[in-house]
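Working through the structure, step by step
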Amino acid sequence: MIKNDGNRAQSNGTELFRLNSAVQMPGAEELYFRIGAGRIEYHDGVFKLYQDAVISTDTYFNLFSSSKYNEYTTAKNISITTTVSGNLEVELHSCSDTSDEIVDTKKIVSDLPKEVFFSFNIENLNDIQPVFHYILYRSFGESLVHSFGSYRSDSESDTVDMGIVICTFKREQRVLQTVERLNDLFSDDEYVMPGNTTVYLVDNGRTIEREQVRYDFVKLIPNKNNGGAGGYAKGITEARKNNKTHILLMDDDAVVDINVIYKTIKFLSVLNENHKDAFILGGMLLPETPIVQYEAGAERVPMFKGRKSGLDLSLKKSLLLNDKREPAQYGGWWYQCMPASITDELPLPIFIKMDDVIFGLRHMKDHVVMNGIGVWHDSFESKINPVIEFYFLRRNTLIFDSLYELKNGFRVGVDYLHTMLHCIKEGKNEEFFYTKRAVNDFLKGPAIFSDADVNEVMSIQVPERSYKDFKGTAIKKIIRNSDLKELSNLFFEGLNLTLHWNKISKKYRDSTEYLSSTDFWEKIQ
């Protein structure tokens, strides 16, 4: 557990976040600083600007989201102190979709490092028409930017006792790297936390030894493998027992800049009364395209729709769009923070896939998506697993549809038959097998969560079946690659799904309170 003195932060106001020049992902330089002109060198945290060089902080991680802070926090009067030397101008800019204006300029001629101070007010801004502020450096001779500095506010900060829950399953190297990065944050006296932070490392694979996570701020929790839902349920339970005010869920394969966590905690500490219950939804960026956002918030009803997808975050217009308010119903658990008091309920025990969707739809009433809060995370396409895609996703989608009454029995039965006949026609044996198992398990009702062994599903061998590929109509391909008995069974399975849909769906709806309770999870963990 990390303990810090919140009073220190308030002696000179509250530090909101630190501007960072240390690039955490190869190819992501444009998310940290923007080179506008001339020759610039970087070494040990210092930028060297040659004559007529220009560098600025209108970037994903380093701009100040003025509209967001005004809308969601008590911070109104903002200041920044940056340190430079040489012969240069330092400019404070305000950027919107209609203009990029110079708010203030300071001329510096000094051989020694000199602090440059700016202040501005952000009242009357809103995130429907985003505005952000940033710093620009323009050199007239060889100059140095020793530090971009940090943004501060004169507002008081609340205590934030953060519980960071990381669920892992046999990805020791990745998660231990994350722990080391967190130690860099917590061991640096320059970062002043407004409370206590604990990392709950839930080890579903039971492969991590205590000696590997020797830090006091880490609580290692060996756990039965009930998937991500079970791991996060365990971590959330432990965090609540320790009276944490907020809970941050993170994937074990997420690459996070430690300043993102610091910014999250500090943002929470100045939330205004209207947004105390807001979820913070981190954006997901891909390591293979590190400046492009995959998603930041999403909707599921009536269909999946990722928000702010495909934005090139090196572009100013994308940064403005990223700060613009948009509806969202849930956020991915690669990086999601919520108040611990939002609900006593835990995730539903659906192992993996759709757990974050259902949890968000049930409990998220307010949310924040903003520049500078995001992680790099492996794409879902890069780790497709047929068991996950064709069993868990399809079983859990049926559960989701039953909870929210999105489909009727006839539609579900027809969809099932269409999928299975397509698998026969195309020779998709794994998809056929796991989809069939998913539907049959769904029809068992909520008892499946108490009686079934999901690890058996994960390890089962798919029986082989022959497939004859030839030119012909779809009907001929289906007939040649199946038989009357199998086709009859599929028809009756689809009919069974149609006839029992309403009854089974009601059972799932009636059981959600118990299935998401601490009593249930303690029984199966």
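Attention here is on the structure that accompanies the text. Since the model is a prediction, treat every value here as computed from it, not as a measurement. (Residues numbered from 1 in each chain as written. Predicted model: local features only at pLDDT ≥ 70, side-chain atom pairs only at ≥ 80, totals over all residues. Heavy atoms only, no water.)

On to helix H4 (residues 227-241), then. Its 15 residues give H4 an end-to-end C-alpha distance of 21 Å, which sits within 8% of 21 Å, the value for a rise of 1.5 Å per residue. Burial of H4 is extensive: 12 of the 15 residues sit out of reach of the surface. Considered for burial, the residues of H4 that qualify are Gly-227, Gly-228, Ala-229, Gly-230, Gly-231, Tyr-232, Ala-233, Gly-235, Ile-236, Thr-237, Glu-238 and Ala-239. Looking one or two places after H4, you find Asn-243, whose phi comes out positive at around 60 degrees. (Helix = DSSP H or I, 4+ residues; strand = E, 2+ residues; numbered from the N terminus. Expected span 1.5 Å × (residues − 1). Buried < 20%, exposed > 50% of the residue type's maximum accessible area, 1.4 Å probe, protein only.)

Moving on, we come to the packing of helix H9 (residues 409-426) against helix H14 (residues 484-515). Following both chains from N to C, one finds H9 and H14 inclined at 155 degrees, their axes separated by 7 Å at the closest point. Judged by the inter-axis angle, H9 sits roughly antiparallel to H14. Considering only the axes of H9 and H14, their crossing is right-handed. Between H9 and H14, the contacting residues are Gly-409, Phe-410, Val-412, Gly-413, Tyr-416, Leu-417, Met-420, Leu-421 and Ile-424 on the first element and Glu-486, Leu-487, Leu-490, Phe-491, Glu-493, Gly-494, Leu-497, Thr-498 and Trp-501 on the second. Here the contact of H9 with H14 is built from residues that sort into 12 nonpolar, 4 polar and 2 charged. (Axes fitted to C-alpha atoms, helices over the stretch in contact; angles between N-to-C directions. Parallel < 35°, antiparallel > 145°, perpendicular 65-115°, else oblique. Left-handed = near helix turned anticlockwise from the far one by under 90°. Contact = heavy atoms within 4.5 Å. Nonpolar A, V, L, I, M, F, W, Y, C, P; charged D, E, K, R; others polar.)

What follows covers the sheet that holds strand S17 (residues 289-295). Within the open sheet, the 3 strands sit side by side as S17-S16-S22. Their pairing is mixed. The open sheet has two edge strands with one neighbour each: S17 and strand S22 (374-376). Across the sheet, the mean angle from the axis of one strand to that of its neighbour is 35 degrees, orientation sign disregarded. (Pairing = 2+ DSSP bridges.)

Next up on the list: unusual backbone geometry. Of all residues except glycine, most have a negative phi; of all peptide bonds, most are trans. Its identity is not glycine, yet Asp-52 carries a phi of approximately 70 degrees, on the positive side. Among the secondary structure elements, Asp-52 is positioned in the loop between strand S5 (46-49) and strand S6 (54-56). We note that Asn-243 has phi near 60 degrees; this positive angle belongs to a residue other than glycine. With respect to the helices, strands and loops of the structure, Asn-243 is situated in the loop between H4 and strand S14 (246-251).

Glancing now at helix H7 (residues 355-363). Most of H7 sits inside the fold, with 8 of its 9 residues counted as buried. All of the buried residues along H7 are Asp-355, Asp-356, Val-357, Ile-358, Phe-359, Gly-360, Leu-361 and His-363.

Another aspect to go through is the pattern of salt bridges. In this structure the tally under the stated criterion is 32 salt bridges. One salt bridge connects Glu-15 with Arg-18, and the closest N-O pair in it is separated by 3.3 Å. According to the relative accessible area criterion, Glu-15 is buried, its value standing at 6%. The exposure class of Arg-18 is partly exposed, given its relative accessible area of 22%. Between Asp-378 and Arg-174 there is a salt bridge, and its shortest N-O distance comes to 3.3 Å. Taken together, the positions of Asp-378 in the loop between S22 and helix H8 (386-404) and Arg-174 in helix H3 (residues 172-186) put the pair 204 residues apart, joining distant regions of the chain. With relative accessibility at 22%, the residue Asp-378 sits in the partly exposed group. Arg-174 sits in the partly exposed class, given a relative accessible area of 27%. When salt bridges that share partners are traced, they join Arg-300, Asp-401, Lys-407, Arg-411 and Asp-415 into one network. (Salt bridge = Lys/Arg side-chain N within 4 Å of Asp/Glu carboxyl O.)

Time to look at the packing of aromatic side chains. Here the structure, examined in full by the defined rule, presents 33 aromatic pairs. For the pair Tyr-294 and Phe-380, a centre-to-centre distance of 5.7 Å together with 70 degrees between the ring planes defines the contact as edge-to-face. Pair noted here: Tyr-294 is in strand S17 and Phe-380 is in the loop between S22 and H8, with a separation of 86 residues, a long-range link. For Tyr-294, a relative accessible area of 26% translates into the label partly exposed. Residue classification places Phe-380 among the partly exposed residues on the basis of a relative accessible area of 27%. A cation sits over an aromatic face here: Lys-106 above Phe-118, 4.7 Å from the ring centre. Arg-465 extends its terminal NZ or CZ atom over the ring of Phe-432, reaching a point 4.8 Å from the ring centre. (Phe/Tyr/Trp six-rings, centres within 6.5 Å; stacked < 30°, edge-to-face > 60°. Lys NZ or Arg CZ within 6 Å of the ring centre and 35° of its normal.)

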